[in-house]
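Examining the three-dimensional arrangement
Each chain, letter by letter, is given below.
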Amino acid sequence: MCMSFGSKSGSKRNMGVKSQKRLGQKKGVIKKSGRVGAKYLRGDFSETAPPQGVVEKTLASIERLGSQVFALSPFSQYFDDWLMNLRRVVSDFEVFSGVTVDEAFVVEREQVFLDIEALLADHRIQESAVADVEKMLYELNHELRVIEGDYADKSRVLNNKRNIDTQQLTNQIRVLEEELHGQESLKFGVFQFGAKKAATEKLRQTQQSTTYAKKQLETTLQTYTTEHNKLYENYTAKKQELTTKSEALHKKIEQIEIDPSIETRKDTCTRLNNAINELIKRQPTTTDPSN
């Protein structure tokens, strides 16, 4: 019986120890749960205003992103990382325990991000078109070289033809003037009436031929001058048209190479900072625990 009694007594003691252990474990759980609750209360949005340092740090980070300059084109390769960093800064600010994010701020923030996403998408499309612009510029420059070569060829042919025609007329006039000089001398040396009359008629015909040849030379020179002027005007008009298009394409490429998103991103960050400043003004004042 003693052994049986001792066994029961030992069993009760063991049960007591186990009960105490279980009770201790439960108390530990309750104690830990109490610490979590205290931490949550300290993060109560309605009771805690954001420290000025956190606000200033957030505003400075956003402003720094707004003034960030991308190194090399295509600049669209930096857009995703830049936008992700901006979202992270705003998100870190919103989850801070001292910030109460209201509906007005959420609406403004969402609108800002929608706007910048759309604008960056437009800039991305503009940059993707630079290859097409460069191709157009190459084709324009090629066409410009073609019309310059065509003008030079036509001008050379026209000048050569003018020189040949004017040389022929000049030679013809020189021969006629020599004949005219000889016939004038012959006229005064002939005394017979019939011969003198024939010489006079021949002299008159030669004079007419000389006058006609000179007028023909003058007309030929004027005609070639008119043709050359027309050729030059057509060339310069076409060249000016192509040059204007070429300059516009050069300017477009330069604008893309300067990063067109600079002002867009800066304006976005300014809007976000303004929204944060307005949110801070709407924050509830800090409650004094002693009251």
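If you're wondering where the values come from, they're calculated on a predicted model, not measured in any experiment.

1. Description of the overall build of the protein chain
Of the regular secondary structure elements, the protein chain holds seven helices and zero strands. Secondary structure elements in the protein chain, listed N-terminal to C-terminal, are α-α-α-α-α-α-α. Counting all 291 residues of the protein chain, 25% fall into the buried class. Long-range pairs, those at least 24 residues apart, make up 86% of the contacts in the protein chain between residues at least 6 apart in sequence.

2. Focus on helix 4 (residues 103-128)
In a regular helix each residue adds 1.5 Å, so 26 residues correspond to 38 Å; helix 4 covers 38 Å between its end C-alpha atoms and thus fits that length. Listing the buried residues of helix 4 in full gives Phe105, Arg109, Val112, Phe113, Ile116, Leu120, His123 and Glu127.

3. Section: the nonpolar core
Burial of nonpolar side chains together is a common tendency in soluble globular proteins. Ranked by size, the top nonpolar core spans 24 residues in total, and within it Ile62, Trp82, Leu86, Phe113 and Leu272 carry the most contacts. Listed by contribution, the elements that provide at least two residues to this core are helix 2 (52-66), helix 3 (79-95), helix 4 and helix 7 (262-281). Other than its neighbours up to four places away in sequence, Leu272 contacts Ile62, Leu86, Val90, Arg109, Val112 and Phe113. Core analysis: the next-biggest nonpolar cluster, separate from the first, contains eleven residues, Leu140, Ile147, Leu231 and Tyr235 among them.

4. Here's the deal with the confidence of the model for the protein chain
Where the model shows low pLDDT, its predicted coordinates should not be examined in detail. Looking at the protein chain as a whole, the pLDDT averages 76, with 72% of positions reaching at least 70. Considering only residues more than four positions removed or in separate chains, one finds that residues 1-48, a stretch of pLDDT under 50, has 14 contacts. Within the model, the stretch residues 287-291 combines pLDDT values under 50 with one contact to residues more than four positions away or in other chains.

5. Thoughts on the environment of Thr220
Locating Thr220 in the fold gives a position in helix 6 (residues 193-257). Sequence separation between Thr220 and Arg162 is 58 residues; the distance between their C-alpha atoms is 7.6 Å.

6. Some remarks on helix 7
Between its terminal C-alpha atoms helix 7 stretches 29 Å, which fits the 28 Å expected from 20 residues at 1.5 Å a residue. For helix 7, every residue scored as buried is listed here: Thr264, Arg265, Thr268, Cys269, Leu272, Asn273, Ala275, Ile276 and Leu279. Along the long axis of helix 7, the arc covered by the buried residues comes to 170 degrees, so they all point the same way. Exposed positions of helix 7 whose direction lies more than 90 degrees from the buried face are Glu263 and Lys281. Of the surrounding secondary structure, the elements contacted by the buried residues of helix 7 are helix 2, helix 3 and helix 4.

7. Here we look at the environment of Asp165
Structurally, the position occupied by Asp165 is in helix 5 (residues 130-189). Apart from residues lying up to four places away in sequence, Asp165 is in contact with Thr220 and Tyr224.

8. Observations concerning the packing of aromatic side chains
As enumerated under the stated definition, the model contains five aromatic pairs in all. Arranged with centres 6.2 Å apart and planes meeting at 50 degrees, the rings of Phe70 and Phe79 form a pair that is tilted. Here Phe70 matches Phe79 in class, with each residue buried. Residues Tyr232 and Tyr235 carry aromatic rings whose centres are separated by 6.3 Å and whose planes lie at 50 degrees to one another, so their mutual orientation is tilted. Here Tyr235 and Tyr232 lie together in helix 6, a separation of three residues that amounts to about one turn. In this structure Tyr235 comes out as buried when scored by relative accessible area, which is 14%. Pairwise contacts between aromatic rings join Phe70, Tyr78 and Phe79 into one cluster. Over the aromatic face of Phe113 sits the side chain of Arg87, whose NZ or CZ is 4.2 Å from the ring centroid.

Quick notes on the rules
Residues numbered from 1 in each chain as written. Predicted model: local features only at pLDDT ≥ 70, side-chain atom pairs only at ≥ 80, totals over all residues. Heavy atoms only, no water. Helix = DSSP H or I, 4+ residues; strand = E, 2+ residues; numbered from the N terminus. Buried < 20%, exposed > 50% of the residue type's maximum accessible area, 1.4 Å probe, protein only. Contact = heavy atoms within 4.5 Å. Expected span 1.5 Å × (residues − 1). Core = buried A, V, L, I, M, F, W, Y, C linked by side-chain atoms within 4.5 Å. pLDDT = per-residue confidence, 0-100. Arc of directions from axis to C-beta. Phe/Tyr/Trp six-rings, centres within 6.5 Å; stacked < 30°, edge-to-face > 60°. Lys NZ or Arg CZ within 6 Å of the ring centre and 35° of its normal.

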